[in-house]
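Read off the chains here:
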Amino acid sequence: MRARSMEELIQKKFDSLNESDMQIWAYIVSHKDICKKISIQQLAVFCHVSHTTILRFAKKLGFSGYSEMRSFLKWEDKAEILYEEKDMDRNANSFVSSIRRLEDMNMDSICQMIEDAERIYTQGSGSIQKIAAKELKEKFLYQGVFINTVEGGVEFELIQENLTSKDLVIFISLSGKNEKQIKKAKEVKEKGAKILLIAMEGKGELYDLADETLTFYVEEIRTVGYGYVYYPTLHFHIVNEFLTLKYMEYQTRKQA
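About the criteria used
Residues numbered from 1 in each chain as written. Predicted model: local features only at pLDDT ≥ 70, side-chain atom pairs only at ≥ 80, totals over all residues. Heavy atoms only, no water. Helix = DSSP H or I, 4+ residues; strand = E, 2+ residues; numbered from the N terminus. Rg over C-alpha atoms; globule rule 2.2 N^0.38 Å. Buried < 20%, exposed > 50% of the residue type's maximum accessible area, 1.4 Å probe, protein only. Areas by Shrake-Rupley, 256 points an atom, 1.4 Å probe, with all protein chains shown as cover. Patch = residues over 30% accessible without salt bridge, like charges linked within 9 Å, V, L, I, M, F, W, Y side chains within 5 Å. Salt bridge = Lys/Arg side-chain N within 4 Å of Asp/Glu carboxyl O. Lys, Arg positive; Asp, Glu negative; His and termini not counted. Contact = heavy atoms within 4.5 Å. Axes fitted to C-alpha atoms, helices over the stretch in contact; angles between N-to-C directions. Parallel < 35°, antiparallel > 145°, perpendicular 65-115°, else oblique. Nonpolar A, V, L, I, M, F, W, Y, C, P; charged D, E, K, R; others polar. Core = buried A, V, L, I, M, F, W, Y, C linked by side-chain atoms within 4.5 Å. Pairing = 2+ DSSP bridges. Arc of directions from axis to C-beta. Polar contact = N/O pair within 3.5 Å; in protein donor to acceptor, adjacent residues only side chain to side chain.

Engineer: For this particular structure, what's the right way to read the overall build of the protein chain?
Structural biologist: When you go through the protein chain residue by residue, the secondary structure sums to 13 helices and 7 strands. A compact globule built from 256 residues should have a C-alpha radius of gyration of about 18 Å, whereas the protein chain, at 23 Å, is more than 25% larger. The principal-axis extents of the C-alpha atoms in the protein chain amount to approximately 65 × 40 × 30 Å. Residue burial in the protein chain is summarised as follows: out of 256 residues, 47% are buried. Accessible surface, the protein chain: about 13600 Å² in total, of which carbon and sulfur atoms supply 51%.

See below:
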């Protein structure tokens, strides 16, 4: 389903809307400029309903949540709206698929690589990837495994000088095509250190350089407004969770 305005969405979903929904819509249509800026709690107060009622209203219209509905309002008068209701279903299915795939995956070789490493470093190619790197570090701390997060190029150059064949570097990337990461990976291989790549499914030099890969399939979304292609990043956290769980299982089996 494509829609250019909230009015069009309301018309399409009219039969499924109840009295509270129409009360919310009545406020929004009369105060669109305000609704582009306020929080879900503020809108709930103005409409005299609960914030969960606002959330249900947004989902009835096909949005993933209130923030997406507010973005729709913000951009509908500036460009063609490219929101498609099926995006949520496609991405929900891809998340479930990633979970099932990782659940069934044998990660013993990756776990052994982590266990055998004298030092482990992780580096993310972008802001979200850096967050995922820090998250991975925190998760493994609880298992007595210390992972060093490498923030910038200068910091990487310092650790790269001392890398040995007993070290492991975990690169976290979305596309797996980041030129700076590829250059770093080549330097890592020259030192004989091992590489684990966490990225979306793909092919290329970084994948070839990696000793092990943890990949996921991601569905693209064309965002509200100008058709910018957006790739959901929840997969990074799903991979981190399962890598942590698999390592725990690996250690438990070894001690049995």
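Engineer: Is there a simple way to explain a nonpolar patch on the surface in this structure?
Structural biologist: On the surface, a nonpolar cluster with roughly 260 Å² of combined accessible area is contributed by I34, V45 and F46. Positionally, F46 belongs in helix α4 (residues 40-47). Here F46 falls in the partly exposed class, since its relative accessible area comes to 38%.

Engineer: When you look at the side chain of K184 in this model, what are you seeing that I'm missing?
Structural biologist: Mapping K184 onto the fold places it in helix α11 (residues 179-190). Despite its burial, K184 pairs with no opposite charge, the nearest such side chain being E187 at 6.9 Å. In this structure K184 touches Q123, G153, F156 and F171, once residues within four positions along its chain are discounted.

Engineer: When you look at the packing of helix α8 (residues 108-116) against helix α13 (residues 234-255) in this model, what are you seeing that I'm missing?
Structural biologist: Packed helices, taken two at a time, are described by the angle between their axes plus the distance between the axes. Running from amino to carboxyl end, α8 crosses α13 at an angle of 80°, the nearest separation of the two axes being 10 Å. Looking at the two axes, α8 sits roughly perpendicular to α13. Residues D108, I110, C111, Q112, I114 and E115 of α8 touch α13, and the partners they reach there are L243, K246, Y247, Y250, Q251, R253 and K254. Tallied by class, the residues present in the contact of α8 with α13 amount to 6 nonpolar, 2 polar and 5 charged.

Engineer: What am I meant to see in unusual backbone geometry here?
Structural biologist: The phi angle of most residues is negative, glycine excepted, and most peptide bonds adopt the trans form. Phi is positive for H48, which is not a glycine, with a value near 60°. Secondary-structure assignment places H48 in the loop between α4 and α5 (51-60). Judged by relative accessible area, H48 falls into the exposed class, the value being 68%.

Engineer: Would you mind showing me how to read the nonpolar core here?
Structural biologist: The tendency in soluble globular proteins is for nonpolar side chains to be buried as a group. Counting residues in each nonpolar core, the largest one holds 51 residues, and the members touching the most others are I114, L214 and L243. Sequence-distant contacts of I114, defined by excluding residues within four places in its chain, comprise I120, F140, V145, L168, L243 and Y247. If you look at the next biggest cluster of nonpolar residues, it comprises 24 residues, including C35, C47, F72 and L73.

Engineer: Just to check I follow, could you spell out the sheet that holds strand β3 (residues 167-172) for this structure?
Structural biologist: Backbone hydrogen bonds are what pair the strands of a sheet, in a parallel or an antiparallel way. Taken in spatial order, the 5 strands of this open sheet run β2-β1-β3-β4-β5, and their pairing is parallel. Looking along the sheet, the strands with just one partner apiece sit at the ends: β2 (147-149) and β5 (212-216). Each adjacent strand pair in this sheet contributes to an overall mean axis angle of 20°, direction not counted. In terms of strand pairing, strand β4 (residues 194-200) meets β5 through 5 bridges, oriented parallel. By the bridge assignment, L196 is partnered in β5 with E212. Lying over the sheet, α11 contacts β1 (119-124), β3 and β4, oriented at roughly 170° with respect to β3.

Engineer: For this particular structure, what's the right way to read helix α10 (residues 153-160)?
Structural biologist: In an α-helix, one turn spans 3.6 residues, which is why side chains three or four residues apart end up on the same side. Among the residues making up α10, those that are buried are F156, I159 and Q160. Mapping the buried residues of α10 onto a view down its axis gives an arc of 100°, with all of them on the same face. Of the exposed residues in α10, the ones pointing more than 90 degrees away from its buried face are V154, E157 and L158. Buried positions along α10 lie against β1, β3 and α11.

Engineer: Would you mind showing me how to read the side chain of T244 here?
Structural biologist: Take T244: it is sitting in helix α13. Within the structure, T244 has its side chain in polar contact with the backbone oxygen of N240 (distance 2.7 Å). Apart from the residues lying within four places of it in its own chain, the contact partners of T244 are K139, F140 and Q143.

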